[in-house]
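Understanding the architecture of this molecule
Letter by letter, the chains look like this.
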Amino acid sequence: MVIGDGVLTPAISVLSSVSGLQVTEEKLTDGELLLLACVILVGLFALQHCGTHRVAFLFAPIVIIWLISIFAIGLYNTIHWNPAIVRALSPHYIVKFFRETGKDGWISLGGILLSITGTEAMFADLGHFTALSIRLAFAFIIYPCLVVQYMGQAAFLSKHPNCIRYSFYDSIPEPVFWPVFVVATLATIVGSQAVITATFSIIKQCHALGCFPRVKVVHTSKHIYGQIYIPEINWILMILTLAITIGFQDTTLIGNAYGLACMMVMFITTFLMALVIVFVWQKSVVLAAVFLIFFWFIEGVYLSAALIKVPQGGWVPFVLSFIFMIVMYVWHYGTRKKYNYDLHNKVSLKWLLGLGPSLGIVRVPGIGLIYSELATGVPAIFSHFVTNLPAFHKVLVFVCVKSVPVPSVSPEERFLIGRICPRPYRMYRCIVRYGYKDIQRDDGDFENQLIQSIAEFIQMEAVEPQFSSSESASFDGRMAVISTRTGQSSSSLIANEQEVFGVSDSIQSSKSLTLQSIGSVYDDENPQIRRRQVRFQLPSNPGMDPAVREELMDLIQAKEAGVAYIMGHSYVKARRSSSYLKKLVIDMGYSFLRKNCRGPAVALNIPHISLIEVGMIYYV
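Residues numbered from 1 in each chain as written. Predicted model: local features only at pLDDT ≥ 70, side-chain atom pairs only at ≥ 80, totals over all residues. Heavy atoms only, no water.

Spelled out, the test is: UniProt positions are given in the numbering used here, feature names are shortened, and annotations may be inferred rather than shown by experiment.
By the naming in an unreviewed UniProt entry, the protein chain is Potassium transporter, taken from Prunus persica. Note on the protein chain: under the UniProt heading Sequence similarities (unreviewed entry), the record states "Belongs to the HAK/KUP transporter (TC 2.A.72.3) family."

**Here we look at the packing of helix H11 (residues 231-248) against helix H14 (residues 310-344)**
Convention followed: In this analysis, axes come from line fits to C-alpha atoms, helices being fitted only over the stretch in contact, and the angle between any two N-to-C directions falls in the range 0 to 180 degrees. Helical segments are the DSSP runs of H or I of at least four residues, strand segments are the runs of E of at least two, and each set is numbered from the N terminus. Reported orientations rely on four angle classes, namely roughly parallel under 35 degrees, roughly antiparallel over 145, roughly perpendicular from 65 to 115, and oblique for the rest. Each crossing gets its hand from how the near helix is turned against the far one by less than a right angle, where anticlockwise is left-handed and clockwise is right-handed. Two residues qualify as a contact provided that any one of their heavy atoms is within 4.5 Å of a heavy atom in the partner residue. Any residue that is not Ala, Val, Leu, Ile, Met, Phe, Trp, Tyr, Cys, Pro, Asp, Glu, Lys or Arg is counted as polar, Gly included; the first ten are nonpolar and the last four charged.
Packing of H11 against H14 brings their axes to within 13 Å, and their N-to-C directions diverge by 160 degrees. For the element pair H11 / H14, the angle class is roughly antiparallel. Between H11 and H14 lies a crossing whose hand is right-handed. Contact residues: H11 offers Leu 240, Ile 244 and Phe 248, while H14 offers Gly 313, Trp 315, Val 316, Leu 320 and Phe 324. Looking at the contact of H11 with H14, its residues break down into seven nonpolar, one polar and no charged.

**What to know about the packing of aromatic side chains**
Note the cut-off: Only the six-membered ring of Trp is used, alongside the rings of Phe and Tyr, when aromatic pairs are assigned; centres must lie within 6.5 Å, and planes under 30 degrees apart are stacked while those over 60 apart are edge-to-face, with the rest tilted. Only protein chains enter the accessibility calculation, which uses a 1.4 Å probe; a residue whose area is less than 20% of its type maximum is buried, one above 50% is exposed, and one in between is partly exposed. The criterion is that NZ of a Lys, or CZ of an Arg, lies within 6 Å of the ring centre and within 35 degrees of the ring normal, and then a charge sits over that ring.
Applying the stated criterion across every chain yields a total of 21 aromatic pairs. Between Phe 97 and Phe 98, the aromatic rings sit 5.4 Å apart at their centres with planes inclined by 70 degrees, giving edge-to-face as the arrangement. Taking the relative accessible area as the measure of exposure, Phe 97 reaches 34% and is therefore partly exposed. Consider the rings of Trp 331 and Tyr 590, whose centres lie 5.3 Å apart with planes at 40 degrees: the pair is tilted. Here Trp 331, found in helix H14, pairs with Tyr 590, found in helix H22 (residues 580-596); they are 259 residues apart in sequence, far enough to count as distant. A relative accessible area of 4% places Trp 331 in the buried class. Residue classification places Tyr 590 among the buried positions, given a relative accessible area of 1%. Joined through ring pairs, the aromatic side chains of Trp 66, Phe 168, Tyr 169, Phe 177, Trp 178 and Phe 181 make up one cluster. Positioned above the aromatic ring of Tyr 618, the side-chain terminus of Lys 338 is 5.1 Å from the ring centre.

**Some details on the nonpolar core**
Worth spelling out the cut-off: Here, nonpolar core means buried Ala, Val, Leu, Ile, Met, Phe, Trp, Tyr and Cys residues that are tied together by side-chain atoms lying within 4.5 Å of each other.
Of all hydrophobic cores here, the largest spans 60 residues; its most connected members are Leu 8, Trp 66, Phe 200, Leu 237, Ile 244 and Ile 254. With 11 residues, the top contributor of residues to this core is helix H10 (residues 177-208). Apart from the residues within four sequence positions on either side, Ile 244 is in contact with Val 7, Leu 8, Ala 11, Gln 249, Ile 254 and Val 316. Counting residues in hydrophobic clusters, the runner-up holds 34 residues, among them Ile 370, Phe 385, Ala 574 and Met 616.

Pasting the structure below:
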């Protein structure tokens, strides 16, 4: 529903703002007005790639000028046309209104709902601030300005009952009409920008939690994590918004859809807030029930009135939310099935131990980073690879990138390092944890941080008894948090750093002239790629355990020999015995989404010359 709100808000905001031209320019036809609205919408979405921070410095002044303008106009209309309208603030008139209008008064709540959605758009603008600033802004700025403006319109309409359609623009005094029209148009762009940005944030969080296909997330600000841009979603929203604007061409019909979407969002949010009260704040269920019943009664009255408008445009948010929900469900279902297949087809640790330290294959120099979604066990792509090509790197690191359901993970807690097999096997596991607001970006330092973390784990394992004891016990699953260090050296290794052009340490350090020539060709084709080359050395520590020193030396030599990234390139298919619905979801829906979404889930700038993809078919 919020994604649907991101489609409807720009449509109704821009169309309603430019409709003011029909008040003064009688020559402007509906078609010309629609064309102008579409041009503004295309411009609004085309500017999204610039990033919120480029134009955000205008947001606060525009909103403040807008609020002051509507407050002044509302105050003027109240004093000039009907000062007695201030008595409408009394709750007595609410009772009187419903007593005299009955069912028609209840139905009218669906239109009154749009005044509430205005405050909701303001809340979206203020959402990046503290709770206190939001309360102060609402209580002392937004609420008084909106109430005085509506009061002024009511005073104007009490003397001009025929001006209902364009009551806002008709009530503006003629000398200030054009300045207010410009500010109104800018304010609608600001409100639309806020909802579009909120849509980007929600889709990014859904993607982090495995509920949305992989899309390209561009962080438009180096300092503010929340400012992101998703190209695919931006253009989809633009097409849908233009379709709604051109299809309805009427702010009343779009308003019905918009009001229903906003009310449904509020209704569901209230329920989720009740869960927060119980499970997050640890308050009593009685308090949550009182909160839920009180607000659901108020929202339910409005929602029931809005549901009457489903045939008159109110069906749009239901269709949009249904489509997005189907996409999210199909992706989540297919992803879970694939993960469960990996979980049940893990390589047995007994099988690995039976092969011996060489794994029964040729161990070539270098480090192999095997990416998997499994946090424990050895993935099936490993056995698939060694079965068909019996050679692997001397040092193996099973890397698992996890998005955890918290906003951010501190660098000190990001890396979890463990050992899979006994020391001679040189097999490790690294779990890299990101929050849904963290930037998963490879600045060329990921490999070096990983090597340093493994080196620190090796030394810590030799010192701390809970890791060094029981060599025959289960190795997999014993993990330690290793903090990444941004300095030049760590307690285990000394790093000598230089910045180089190129893409792969393995090519630079290779003794093969053929591979060096391939690397030089690749560098010529990719001159913009700049990566840091770090060479590690062992510190002069005579008291170091010989076994630890040997393992660290193997790690350093493997790093200098080069790093290869091994990823699974899977094809998921339903079994022949599956139901027709499951085949439809997996073979058509999930397959289509996987083919048309972004590449690997690991958001690292992996050099193509160091990437190895292992193809597998998953029958789920």
